[in-house]
Amino acid sequence: FDSFFKGLWIGDHPTSERNSYLVLPFNFSAVRADVEYVEQSFEDYGTGALNSFLRIYEPFFTENALQELRQTSGFSSRLSQLLRFCRELNLPLYILIDEYDNFANTILTTAGEKAYHDITHGEGFFRHFFTVLKEGTSHSGSGLKRLFITGVSPVTMDDVTSGFNIGKNLSLSPALNEMVGFTREEVLEMLEYYRKEGVFLQNMEETLALFDEWYNGYKFSNDQESTIYNTDMVIYYVCDCIQIGQPPH
């Protein structure tokens with residue numbers, strides 16, 4: 001915990017659940033978005049992620065559980081077994097899924113609606129994956145304690161799971177409006193820090209005016225007044241200013 005968060009706000013304010021979970025991460029941008037190969041690519045990627053997870057957390061499982069997990073073929077089947085063992089052994093599991101709709105969106109835009117429908121509806125493999133996750137939460141003392149999913153939009157989520165009614169869409173929450181960007185105050189604090197360090201030489205007001213024109217205006221909740229700046233663009237600009245000593249063109 002300290003190696004990741006020491007010196008940061010979360011490091012100084014740990015919750016009672018610090019270091020409580022076994023974490024299983026996925027990033028579906030690694031799945032090949034080609035209709036001919038997507039199912040096998042999803043299978044290979046998911047199997048690899050589970051193998052890595054078992055190597056990291058091997059000491060937490062019994063020998064029988066490890067043997068059965070390693071002998072189970074198929075990504076979804078093995079994931080289902082993992083969720084069962086986490087429940088039986090009282091091992092709280094946290095699954096993180098980044099870019100969850102990456103390959104699905106690519107298929108929709110390049111191969112068309114039918115190809116997209118085939119993987120996200122009925123017996124489609126992607127829909128089945130989310131069915132397994134949902135099943136993993138349906139028992140008392142479920143092993144799947146937390147599930148955090150990020151992607152471009154909730155469209156695919158609605159298609160693969162009939163609304164995914166075990167989850168909650170936080171994207172438009174007013175309380176989280178400023179979570180995925182820099183506020184004006186945070187940008188000012190950043191610029192002032194580097195100005196005092198003597199590495200940001202640009203005029204502060206001119207810089208902010210440029211940011212207002214190009215990097216500002218995002219608002220995820222219509223119930224909030226404040227807008228946020230694009231984090232990547234602000235950081236790229238500041239880094240370039242520090243490297244070349246003048247505003248990038």
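Residues numbered from 1 in each chain as written. Predicted model: local features only at pLDDT ≥ 70, side-chain atom pairs only at ≥ 80, totals over all residues. Heavy atoms only, no water.

### A short note on the sheet that holds strand β3 (residues 144-149)
By way of backbone hydrogen bonds, the strands of a sheet pair with one another, either parallel or antiparallel.
Okay, step 1: Strand order in the open sheet formed by three strands is β1-β2-β3, with parallel pairing between adjacent strands. Each edge of the open sheet carries a strand with a single partner, namely β1 (22-27) and β3. Across this sheet, the average inter-strand angle for adjacent strands is 15 degrees, counted without regard to direction.
Okay, step 2: Two strands pair when backbone bridges link them, and strand β2 (residues 93-98) and β3 are joined in this way by five bridges, in the parallel orientation. In the strand pairing of β3, I97 is matched with I149.
Okay, step 3: Running over the sheet, helix α3 (residues 38-57) touches β1 and β2 and is turned about 155 degrees from β1. (Pairing = 2+ DSSP bridges. Helix = DSSP H or I, 4+ residues; strand = E, 2+ residues; numbered from the N terminus. Axes fitted to C-alpha atoms, helices over the stretch in contact; angles between N-to-C directions. Contact = heavy atoms within 4.5 Å.)

### Overview of the packing of aromatic side chains
Okay, step 1: One pass over the structure, following the stated rule, counts 32 aromatic pairs.
Okay, step 2: Seen from their ring centres, F1 and F5 are 5.1 Å apart, and the 55 degrees between their planes marks the pair as tilted.
Okay, step 3: Judged by centre distance (5.4 Å) and plane angle (65 degrees), the rings of F42 and F75 are edge-to-face. With a gap of 33 residues between them, F42 in helix α3 and F75 in helix α5 (residues 75-88) connect regions that are remote in the sequence.
Okay, step 4: The aromatic ring of F1 is capped on one face by R18, whose charged end is 5.2 Å from the ring centroid. (Phe/Tyr/Trp six-rings, centres within 6.5 Å; stacked < 30°, edge-to-face > 60°. Lys NZ or Arg CZ within 6 Å of the ring centre and 35° of its normal.)

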